[in-house]
Amino acid sequence: MPDAPPPIKATKKMKELMAGHFLGLDQAAREGRPKVAWCTSVGPAELLHAMGFAVYYPENHGALLGATRMATEVIPTANAAGYSPDICSYLTADVGAFLKGVTPLTQAYGIATVPKADVLVFNTNQCRDVEDWFAFYARHWNVPIVGVRSHRGLGEVKSHHVADVVAQFKDLIPTLERVSGNKFDLDRLRETVRLSKECTLRWRRVLELASRTPSPMTFFDHTIHMAPAVVLRGLPEAVEYYDLLLAEMDQRIADGVAAVPGERHRLYWEGMPVWGRLRMLSDLLSEAKAAVVASTYCNSWIFDAFDERDPFESMARAYLELFIVRDDEYKERYIHQWVERFGVKGVIFHDAKTCPNNSNNRYAMPQRLARNLGLSTLVLNGDLNDLRLFSDEQAKTNLEAFVEQMEELAA
Amino acid sequence: MKLAAGIDIGAAATKAAVLDPSGRLLGGAVLRTGVDFALAGARALDEALAQAGARPEELTAVFACGYGRKNLPLASETRTEIAAHAAAAYHFFPRALTVIDIGGQDNKIIKVNAQGQRLDFKMNRKCAAGTGAFLEEMALRLDLPLESMDSLARQAEDEARLGAFCTVFTATEVLGKIREGAPLSALVKGLFRSVIKRVLEMDSIEGAVVMTGGVVAHNPYLVEMMAQELGREVLTPPQPQLAGAIGVALIALRSHEPAR
Ligand code: SF4
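As a convention, each chain's residues are numbered from 1 in the sequence order in which they are written. Key to labels: chains lettered from A, ligands numbered from 1, both in the order written. Totals for whole chains, interfaces and linings use all residues, but because this is a predicted model, local features are given only for residues with pLDDT of at least 70 and pairs of side-chain atoms are given and counted only at 80 or more. Remark: hydrogens and water are excluded; side-chain values derive from all non-hydrogen atoms of the structure.

K.L.:
Quick question: what am I supposed to make of the overall build of chain B here?
P.N.:
Secondary structure counts use DSSP, requiring at least four H or I residues in a row for a helix and at least two E residues in a row for a strand, with both numbered from the N terminus. Across its full length, chain B carries nine helices and ten strands. Relative to its length of 260 residues, chain B is compact, with a C-alpha radius of gyration of 19 Å against a globular reference of 18 Å. In terms of its C-alpha atoms, chain B occupies a principal-axis envelope of roughly 65 × 40 × 30 Å. Partly exposed residues are those whose accessible area sits between 20% and 50% of the maximum for their type, while under 20% is buried and over 50% is exposed, using a 1.4 Å probe and protein chains only. Counting across all 260 residues of chain B, residues that qualify as buried make up 57%. All accessible areas in this document rest on Shrake-Rupley with a 1.4 Å probe, and a residue is counted as covered only by the protein chains that are shown. Total accessible area on chain B is roughly 11300 Å²; 52% of this is exposed by carbon and sulfur atoms. Charge assignment in this entry is limited to Lys and Arg as positive and Asp and Glu as negative, and neither His nor the chain termini are counted. Note on charges: their place is set at NZ of Lys, CZ of Arg, CG of Asp or CD of Glu. Each charge class in chain B can be summarised by its mean position, and for the 28 positive and 29 negative side chains these summaries are 4 Å apart. Note that the radius of gyration is over C-alpha atoms, with the globule rule given as 2.2 Å times the number of residues to the power 0.38.

Set out below in structure tokens:
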């Protein structure tokens, strides 16, 4: 078997950035300065940075709970407190960990607890769970919760949708001014939107490099290296990081280094990662010489619309144009485009039990893609965080049989 | 003679098949898997070889499939049981097929085209509803020997309607029916119906239908009920419980054919 690719060197830098991010938040929460804003993963981060907040993303914490497999241990505590095992397991893991007084940040960075919020800012463009999640902390700390109640299931994003979200963004400002003690400054917003756009352009390029054959990176690498695009967008560090990563990946391409040695099959991952089983799934597919080269999930931090000349409107557009906010027809067209560009022959749909919002198999999309595009499709039952809902053996057999099937069809 | 063997190490039973170069079954064996996969596989193979009247040296290839496929050092290669069941079904019925395999712990629906290539497959979710384990659990609750279920269902004049998805809920429903005085035969027929419903919920059915697996081998009435339910003929290969072992042996045979 050909050698595994060398580890990605930029990872070291990313770890430093993430440590800086969390330690900075911890310090801010302890000293009360700058104020801490919690933000949903595709919430109005640019506005929060422009207002001078230290911005914390609980979904990222949820993913850490998943990846460290602490989630499965703490979810039952949230279940017992009334949060159903059927709802978002980021929420139940995060709330469960909080109720138990534990966090993976302790082991990773020596941080005792998640940073206390001064304000919680959500956007329901992805789901309703984020609002319920933040509401738990708003009640617990008696701090303000504000947000955007988004349109969902959109075909075309129309100007009235955008106008509505712009108005909702502007409505947040008085609360944000009061909590931060800073006056809103349009030029600062322009700057953070510009930085987010710079980050997006680079993140898009990173993802697009996987259209090369063989691909220099896989979805499993992307789930790790997306962290700066998620938690540092709107800041210069994210832009610098992707310059570093891109240079390394360009070199990989020049040297012909494949993320999956002997790559034979190219796949698309639709849905959430299974955070606690990334390594297992990555090894299994790698052994089968199957590279997952594209995914809806990692693409979700591409915000093409950002434009500092029109910061509010472009933010509204960016946060409405996301895949998760759209209707199935749009989603199918979107997958079709990526699949064609990336030379993908098979799509894995992860049906995450606790996240209907990211489980696009439930209304017969795999069947339509198979019929209309001649793709092989597989539905993998599991969950993002709750490993009680995931069977290793079933996943192994399903994936192995799926690659065997693609092999047969290719023969 | 150059022979090939296939070993299917399932969660409940281990099966082995020895084939001649034309794919004819010379010997087969079924054992309980237990906890030592390698031992179960080796024993099943010995038994199948003895039945075939063949020696181990005559084997050109031994392939494994099933839950314990990676734990069998004596197999040179592995395939999934999905590949194996598809290969066996197509071997006996070479045409576009939907294969329904009801196993001890999981069910599969596999679609095969007229050329024998797999197009699609579905495995049941984590839950055991509709699998062999479900029937075993129910037999236990009803205090019935497992072997008596088929003839009981066949005798039934009536059928108890059971609606729940979950095994435990079904057990509660069954208790309710017993209280209402439903005859045992009607209950068992209702349980068979429940297995059929769970399977048909998994995927659509296209082409000819072939059923494989241990549950079908022991409960041929289930096949008849499936045929009624679908309103079409349902085929079964000879020795449906050996289908996985035969299928993976056929794959072994093919991959050791001299290149033409
Ligand atoms: S989109 Fe899904 S995983 Fe993300 S917060 Fe909402 S329910 Fe949870």
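K.L.:
Just to check I follow, could you spell out the site of the ligand for this structure?
P.N.:
Near the ligand, the surroundings consist of A:Cys88, A:Tyr90, A:Gln126, A:Cys127, A:Asp129, A:Val130, A:Met272, A:Cys355, A:Asn357, A:Asn358 and A:Leu384. Side-chain classes are defined by residue name, with Ala, Val, Leu, Ile, Met, Phe, Trp, Tyr, Cys and Pro counting as nonpolar, Asp, Glu, Lys and Arg as charged, and the others, Gly among them, as polar. Its residues placed into classes, the shell around the ligand shows seven nonpolar, three polar and one charged. Nearness here has a simple test: a residue counts as near a molecule or strand if at least one of its heavy atoms is within 4 Å of that partner.

K.L.:
Just checking my understanding: could you explain the nonpolar core for this structure?
P.N.:
Generally speaking, a soluble globular protein has its nonpolar side chains buried in company with each other. Definition used in this section: a nonpolar core is a set of buried Ala, Val, Leu, Ile, Met, Phe, Trp, Tyr and Cys residues joined via side-chain atoms within 4.5 Å. Core analysis: the biggest nonpolar cluster contains 157 residues, and A:Trp38 and A:Trp203 have the highest contact counts within it. Lining this core are residues from two domains, each supplying at least three of them: domain 1 (1-93 + 240-260) and domain 2 (95-236) of chain B. In what follows, a contact means two residues having at least one pair of non-hydrogen atoms within 4.5 Å. In this view, A:Trp38 contacts A:Tyr56, A:Pro58, A:Val114, A:Pro115, A:Lys116, A:Ala117, A:Val119, A:Leu120, A:Val121, A:Phe134, A:Tyr137 and A:Trp141; residues no more than four positions away in its chain are not counted. Counting 35 residues, the second-largest nonpolar core is a separate cluster that includes B:Phe134, B:Leu144, B:Ala160 and B:Leu162. A domain assignment, automatic or from a database, supplies the domain bounds used here.

K.L.:
Looking at this structure, how should I read the interface of chain A and chain B?
P.N.:
Interface size is commonly expressed as the accessible area that is lost once the parts come together. Opposite the 23 residues of chain A that make contact, chain B presents 21 residues. Buried area, as used here, totals the accessible surface that two parts lose on assembly, with accessibility defined by a 1.4 Å probe and the loss added over both. Buried area between chain A and chain B, both sides added, is near 1800 Å², and the carbon and sulfur share of it is 43%. The term salt bridge refers to a side-chain nitrogen of Lys or Arg lying within 4 Å of a carboxyl oxygen of Asp or Glu. In this assembly, chain A and chain B are joined by four salt bridges. A salt bridge links B:Arg69 to A:Glu400, with the nearest nitrogen and oxygen atoms 3.0 Å apart. Every element with two or more residues in the side of chain A that touches chain B is listed here: strand S8 (376-382) and helix H18 (392-410) of chain A. Looking at which element gives the most residues to the side of chain A that touches chain B, the answer is H18(A), with twelve residues. Class assignment for the residues of the side of chain A that touches chain B results in eight nonpolar, eight polar and seven charged.

K.L.:
Looking at this structure, how should I read the side chain of B:Thr33?
P.N.:
Residue and element names in this part refer to chain B. Along the polypeptide, Thr 33 turns up in the loop between strand S3 (25-32) and helix H1 (37-52). At 2.9 Å, the side chain of Thr 33 forms a polar contact with the side chain of Thr 14. Beyond its immediate chain neighbours, meaning those up to four positions away, Thr 33 contacts Ile 9, Gly 10, Ala 11, Ala 12, Ala 13, Thr 14 and Ala 40. In protein, a polar contact means a hydrogen-donor-capable atom and an acceptor-capable atom, both N or O and within 3.5 Å, with residues adjacent in sequence counting only if both atoms are side-chain atoms; elsewhere, any N or O pair within 3.5 Å suffices.

K.L.:
Please clarify how the packing of aromatic side chains should be interpreted in this entry.
P.N.:
The way to describe two aromatic rings as a pair is by their centre distance and the angle between their planes. Residue and element names in this part refer to chain A. Pairing of aromatic rings covers Phe, Tyr and Trp, the last through its six-membered ring, and needs centres within 6.5 Å; plane angles under 30 degrees mean stacked, over 60 mean edge-to-face, and all others mean tilted. Throughout the structure, instances matching the rule amount to 29 aromatic pairs over all chains. Judged by centre distance (5.4 Å) and plane angle (85 degrees), the rings of Trp 38 and Trp 141 are edge-to-face. Placement of Trp 38 in strand S1 (residues 36-39) and of Trp 141 in helix H7 (residues 129-141) is noted, with a sequence separation of 103 residues between them. On the basis of relative accessibility, which here comes to 0%, the residue Trp 38 falls in the buried class. On the basis of an interplanar angle of 45 degrees and a centroid distance of 5.4 Å, the ring pair of Trp 203 and Tyr 242 is categorised as tilted. Residue Trp 203 is found in helix H9 (residues 186-209), and its partner Tyr 242 is found in helix H12 (residues 236-254); the two are separated by 39 residues along the sequence. Residue classification places Trp 203 among the buried positions, given a relative accessible area of 0%. Overall, the relative accessible area of 0% leaves Tyr 242 in the buried class. Pairwise contacts between aromatic rings join Trp 38, Tyr 56, Tyr 83, Tyr 90, Phe 98, Trp 133, Phe 134, Phe 136, Tyr 137 and Trp 141 into one cluster. Only when the NZ atom of a Lys or the CZ atom of an Arg is both within 6 Å of the ring centre and within 35 degrees of the ring normal do we say a charge sits over the ring. The ring of Phe 312 is capped by Lys 170, whose NZ or CZ atom sits 5.1 Å from the centre of that ring. The aromatic ring of Trp 338 is capped on one face by Arg 341, whose charged end is 5.8 Å from the ring centroid.

K.L.:
Would you take a moment to explain the pattern of salt bridges for this structure?
P.N.:
Two side chains that carry opposite charge are able to pair once their charged atoms sit near each other. All chains considered together, the criterion is met by 47 salt bridges over all chains. Between A:Asp328 and A:Arg368 there is a salt bridge; the shortest N-O distance is 3.3 Å. Separated by 40 residues along the polypeptide, A:Asp328 in helix H16 (residues 328-341) and A:Arg368 in helix H17 (residues 365-373) bring together distant segments of the chain. Using a relative accessible area of 25% as the deciding quantity, one classes A:Asp328 as partly exposed. The salt bridge involving B:Asp101 is made with B:Lys108; its shortest N-O contact spans 2.8 Å. B:Asp101 gets classed as buried once you look at its relative accessible area, which sits at 2%. Shared partners join several salt bridges into a network, and the residues in it are B:Lys111, B:Asp120, B:Lys122, B:Asp203 and B:Glu206.

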